[in-house]
Amino acid sequence: MDNKQFVKEIADIENEFAQWYTDVVLKTELVDYGPVKGTMVIRPYGYAIWENIQKDMDDRFKKAGSKNAYFPLLIPMSFFTKEAEHVEGFAPEVAVVTHAGGAKLEEPLAIRPTSETIIGTMYSKWIQSYRDLPVIMNQWCNVMRWEKTTRPFLRTSEFLWQEGHTVHASEEEAQEETLRMLEVYRQFMEETLAIPVFTGRKTEKEKFAGAVATYGLEAMMLDGKSLQIGTSHYLGQNFAKAFDIKYLDKDSAQKYGYTTSWGTSTRMIGGLIMAHGDQRGLVLPPKVAPIQVIIIPIAAHKGGVNEKAIELRDKLVNAGIRAEIDMRESSPGWKFNEWEMKGVPIRVEIGPRDIENGVAVIMRRDTLEKSNISLDTIENDVNNLLTTIQKDMLEKSRARRDKKIVEADSLDGILKGVEGKNFVKAGWCGCRECEDKVKEVAQATARVMCDEEGVPCKCAICGKEAKHKVIFARAY
RNA sequence: CGGGGUGUAGCGCAGUUGGUAGCGCGCUUGGUUCGGGACCAAGAGGCCGUGGGUUCAAAUCCCGUCACUCCGACCA
């Protein structure tokens, strides 16, 4: 890896954002390209971020009453054909196994692009009575969608995700569940990833294939484009009817359940990079950073330095901080740049001069501010600083985002807005023609509908009475 | 699927009108360094994507083929 070259390449972050992004994910050793086109290898440093995300989310799911389970990778093709809209939506990107055991298979097997069909099939066997409801399960797994163009984390042929699938006795309860999980996601994005999000219902055009309603979480990236960072779907009885998910109710009548599904993926890591990064590379929020504190010994050959560094590391680790020492034989300057690029929230420098004075130099990655810190109280100070960084990162990205939200009342206004790298709020009549027109003229899509009461307005495209306020943006 | 580009050392690249391969970074060894990407010296590393053709001779010319990549289209 040539770091000097890297810093030069990302210097112009505004104009070369796509290139910057690709360089960051490859050069920080988060991922590598896989041998199969469109796949990525997640390397240990990137995977450690994923593990931290998983752990945090999993706790939240369990608090929300969800239990983890695992369903098979391969799904008989016939399962997909049971829900018409679903099969139509996913057919173009499903990868299919046709041969196994040295022979052609009787029935081709789909590699799951999502698991509604197989989980629905199992749920229909498991659910008999209203007493069995609600069913709330989640699985962590990989899925495959054969995309034409791919980018690490943002869109790859295979990716890791979590998918929750629930069944409820009533429409109201299922709708509530959809919104409840949307809120769980929102809190996670803001509290843990420090990424502010807009939540709201997706338009018909943008909704999940087979859903009654899709709700999305949209985050603004540094270049003003939007990233759909999670979704929660209300599926009504569409899948219950297709997969025969029925229960016997208190009134002795057979009834179909109401289902929901919700998911987030490794795409969140892409969002993390593009929401917080800077010219020097990654900036990771402390809660998901694989290494929270990197200790750099200075002039280690002079004796006593490494010993002090180890003592310091042990102190921090005992205080529950993910701290490591970089004892490799290269110059301090090289290490500074290396770990800044990798987004480590706090750097501690310790050298002979500091040891004499009983201090260490501490630098925070988000602001690049350097200061001296006493070795006596270092665990507490570092812990407090990690909390501060976590909080400041959310505030900083929220402030940056809020400055880039504009209102528009014309198609031209929408175009100007997205060209200025903004999210554009505009009235919309609700028709597909107007939505398509925005895509054609401004290369922007309706991200989410935010129904603000008391703001009657006209559709920015056709001028008719608006049904919704919509956020239009260019998207990943 | 349409249009462009590129395949030469781990990475980034150079290689003239054909004459059997070079640079930077990285890597190894020894030494001097170490508070913002250190320096000196000596090394290791290549079937020039692949198949064929032309030629005394091909990284270089011709034909095929494969892979990657960018822009469209498709896609969450």
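**Examining the overall build of chain A**
And then number 1: Broken down by element type, chain A carries 15 helices and 23 strands.
And then number 2: For 476 residues, the compact-globule estimate of 2.2 N^0.38 gives 23 Å, and the C-alpha radius of gyration of chain A, at 25 Å, lies within 12% of that figure.
And then number 3: For the C-alpha atoms alone, the extent of chain A along its principal axes is close to 80 × 55 × 45 Å.
And then number 4: Counting every position in chain A, which comprises 476 residues, the buried fraction comes to 43%.
And then number 5: For chain A, the proportion of contacts with a sequence separation of at least 24, taken over those separated by at least 6, is 68%.

**What about helix 14 (residues 411-419)?**
For an α-helix the count is 3.6 residues per turn, leaving residues at separations of three or four pointing the same way.
And then number 1: Those residues of helix 14 not exposed but buried are Ile414, Gly417 and Val418. Around the axis of helix 14, the buried residues are gathered within 90 degrees of arc, so they sit on the same side.
And then number 2: Those residues of helix 14 that are buried lie in contact with strand 20 (405-408), strand 21 (423-428), helix 15 (432-442) and strand 23 (468-473).
And then number 3: Residue Lys421 follows helix 14 closely and has a positive phi angle near 65 degrees.

**As for the sheet that holds strand 5 (residues 95-100)**
And then number 1: With antiparallel pairing, the three strands of this open sheet are ordered in space as 4-6-5. One side of each edge strand has no neighbouring strand; the edge strands of this open sheet are strand 4 (74-76) and strand 5. When strand polarity is set aside, the average angle formed by the axes of neighbouring strands in this sheet is 45 degrees.
And then number 2: In terms of strand pairing, strand 5 meets strand 6 (residues 103-111) through five bridges, oriented antiparallel.

**Observations regarding the nonpolar core**
And then number 1: The biggest cluster of nonpolar side chains holds 92 residues, and the ones touching the most others in it are Met189, Ala219, Val293, Ile295, Ile414 and Phe472.
And then number 2: Here this core takes seven residues from helix 13 (residues 378-402), the largest share from any one element.
And then number 3: When residues no more than four places from it in sequence are discounted, the contact partners of Val293 are Leu316, Ile321, Ala323, Ile346, Val348 and Val382.
And then number 4: Of all hydrophobic cores here, the second largest spans 22 residues; its members include Ile119, Phe208, Phe239 and Ala242.

**Some remarks on the pairing of strand 5**
And then number 1: Little of strand 5 sits inside the fold, with zero of its six residues counted as buried.
And then number 2: Between strand 5 and strand 6, which pair antiparallel and follow one another directly, the connecting turn spans two residues, one of which, Gly101, has a positive phi of 60 degrees.

**Remarks on the domain arrangement of chain A**
And then number 1: Here chain A is described as being made up of domain 1 (3-276), domain 2 (293-386) and domain 3 (405-473).
And then number 2: The gap between the C-alpha centroids of domain 1 and domain 2 is 39 Å.

**Looking at unusual backbone geometry**
And then number 1: For the bond running from Leu133 to Pro134, omega is -5 degrees, close enough to zero to count as cis.
And then number 2: Checked against the element boundaries, Pro134 lands in the loop between helix 6 (116-126) and strand 7 (135-144).
And then number 3: Non-glycine residue Phe153 carries a positive phi angle of around 70 degrees.
And then number 4: With respect to the helices and strands, Phe153 occurs in the loop between strand 7 and strand 8 (158-168).
And then number 5: Taking the number of C-beta atoms within 10 Å as the measure of exposure, Phe153 has 25 and is therefore buried.
And then number 6: Notably, Asp244 is not glycine yet its phi reads approximately 60 degrees, a positive angle.

**Observations concerning the packing of helix 14 against helix 15**
And then number 1: One can describe the packing of helix 14 onto helix 15 by two numbers: an axis separation of 10 Å at closest approach and a directional angle of 50 degrees. By the angle between their directions, the pair helix 14 and helix 15 is classed as oblique. In this structure, the crossing between helix 14 and helix 15 has a hand that is right-handed. Taken together, the residues of helix 15 that come into contact with helix 14 (itself represented by Leu411, Ile414, Leu415 and Val418) are Lys437, Val438, Val441 and Ala442.

Rules of the game
Residues numbered from 1 in each chain as written. Chains lettered and ligands numbered in written order. Predicted model: local features only at pLDDT ≥ 70, side-chain atom pairs only at ≥ 80, totals over all residues. Helix = DSSP H or I, 4+ residues; strand = E, 2+ residues; numbered from the N terminus. Rg over C-alpha atoms; globule rule 2.2 N^0.38 Å. Buried ≥ 20, exposed ≤ 12 C-beta atoms within 10 Å, placed from the backbone. Contact = placed C-beta atoms within 7 Å. Arc of directions from axis to C-beta. Pairing = 2+ DSSP bridges. Axes fitted to C-alpha atoms, helices over the stretch in contact; angles between N-to-C directions. Core = buried A, V, L, I, M, F, W, Y, C linked by C-beta atoms within 7 Å. Domains from an automatic or database assignment. Parallel < 35°, antiparallel > 145°, perpendicular 65-115°, else oblique. Left-handed = near helix turned anticlockwise from the far one by under 90°.

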